[in-house]
Amino acid sequence: MAEITLVEAIDQALTYEMENDSTIIILGEDVGKDGGVFRATVGLLDKFGPERVRDTPLAESMIAGVAIGMAIQGLKPVAEFQFMGFSYPALDQIINHASRIRNRTRGRLNCPVVFRTPYGCGIRSPEHHSESTEALYAHIPGLRVVIPSSPLRAYGLLLASIRNPDPVIFLEPSRLYRWAKQDVPNDGKALPLDTCFTLRVGNDVTLVTWGAMIKETLAAANTLAKEGIHAEVIDVATIKPLDLETILASVEKTGRCVIIHEAPREGGVGATISAHIAEHGLMFLKSPVQRVTGYDTIVPYARLEHFYLPSENDILSAVQYTMEYA
């Protein structure tokens, strides 16, 4: 079994599902002949033909609308937006229709569509190619928002998302597409949605994160361990709905929590997690919850990206602050 990258795991999951479910249709800009801008759909056109792998015009609202129509008529479309910033023209279709079909029809129809898109900065791209606005989608009732952070989780979570009967926003951290490799069995086993993954066990502080910030968070945890501070690292993975039980259980154990995300600070998912801890776990805390985030600005151009992204040192500083409390 060969080790593969996150983007290859996406392609592997799509291939597996298409081989085993003839109702799955892939559509998006350049997903066919070119195999997608990051090559996440490479080879699918040759294997399954143009009826099931469809290149579309540069028209995101149309992509979403067509995918929703397919979904409510019994197909399982997987639609790709080339970058998260390109998905905004499709918000009308996603918010007003995909998220509401089940409620609008009182359960007579459902909408099993997956909207895939690369997201996040750190790959030296301009602003619309570097968005981290997951909180926008997490705010919408009826949408599930899933963010993998490793090849194994990308494979298993994408399988689960495609098999889910309701719409899923599947955000793929572009900075991690080729960052690491893992053995990923092509066995068709899905991972559970709506569940956090504990990547590292510790008793001193809980580090909560998702997406590409897993990279810096795990590095910080390794550095902390050398200093005798044992961090528990939680990958949220599904940010809507949140697995608060796992997060609260960890905070009860450690008494300290640092939440890390690259999205802007205000209105972010980190604020929601912090609020839930305050409401349900305040008596567990030995120190205030800290958030390490991106800035409330547009993502800067390539030469300034490293100033925008939270760093390992930023995480270490936040942890040290929490450890100062008795």
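Since the structure is predicted, the reported quantities are computational estimates derived from the model, not experimental observations. (Residues numbered from 1 in each chain as written. Predicted model: local features only at pLDDT ≥ 70, side-chain atom pairs only at ≥ 80, totals over all residues. Heavy atoms only, no water.)

### Structural notes on the pattern of salt bridges
For the coordinates displayed, the defined rule picks out ten salt bridges. The residue R144 makes a salt bridge to D194 at a minimum N-O spacing of 2.7 Å. Pair noted here: R144 is in strand β6 (residues 144–146) and D194 is in the loop between β8 (182–183) and β9 (197–200), with a separation of 50 residues, a long-range link. Sharing partners across several salt bridges, the network here consists of E80, R116 and E172. (Salt bridge = Lys/Arg side-chain N within 4 Å of Asp/Glu carboxyl O. Helix = DSSP H or I, 4+ residues; strand = E, 2+ residues; numbered from the N terminus.)

### Description of the nonpolar core
If you look at the biggest cluster of nonpolar residues, it comprises 45 residues, and the most contacted ones within it are I94, F115, W210 and I273. At six residues, helix α3 (residues 60–72) tops the list of elements feeding residues into this core. For I94, the contacting residues outside a window of four places in its chain are A64, I68, F81, S99, F115, Y137, L143 and I169. Counting 38 residues, the second largest nonpolar core, distinct from the first, contains L6, Y16, V53 and V184. (Core = buried A, V, L, I, M, F, W, Y, C linked by side-chain atoms within 4.5 Å. Buried < 20%, exposed > 50% of the residue type's maximum accessible area, 1.4 Å probe, protein only. Contact = heavy atoms within 4.5 Å.)

### Re the packing of helix α9 (residues 244–254) against helix α10 (residues 269–280)
Orientation of α9 relative to α10, taken along the N-to-C sense of each, is 65°, at an axis distance of 11 Å. Between α9 and α10 lies a crossing of right-handed hand. Of α10, the residues touching α9 (which contributes L244, I247, L248 and V251) are I273, H276, I277 and H280. Tallied by class, the residues present in the contact of α9 with α10 amount to six nonpolar, two polar and no charged. (Axes fitted to C-alpha atoms, helices over the stretch in contact; angles between N-to-C directions. Left-handed = near helix turned anticlockwise from the far one by under 90°. Nonpolar A, V, L, I, M, F, W, Y, C, P; charged D, E, K, R; others polar.)

### Focus: the sheet that holds strand β10 (residues 205–209)
Read from one edge of the open sheet, five strands run β9-β11-β10-β13-β14, paired in mixed fashion. Lying at the two open borders of the sheet, with one neighbouring strand each, are β9 and β14 (290–294). The average undirected angle you get between the axes of adjacent strands in this sheet is 25°. (Pairing = 2+ DSSP bridges.)

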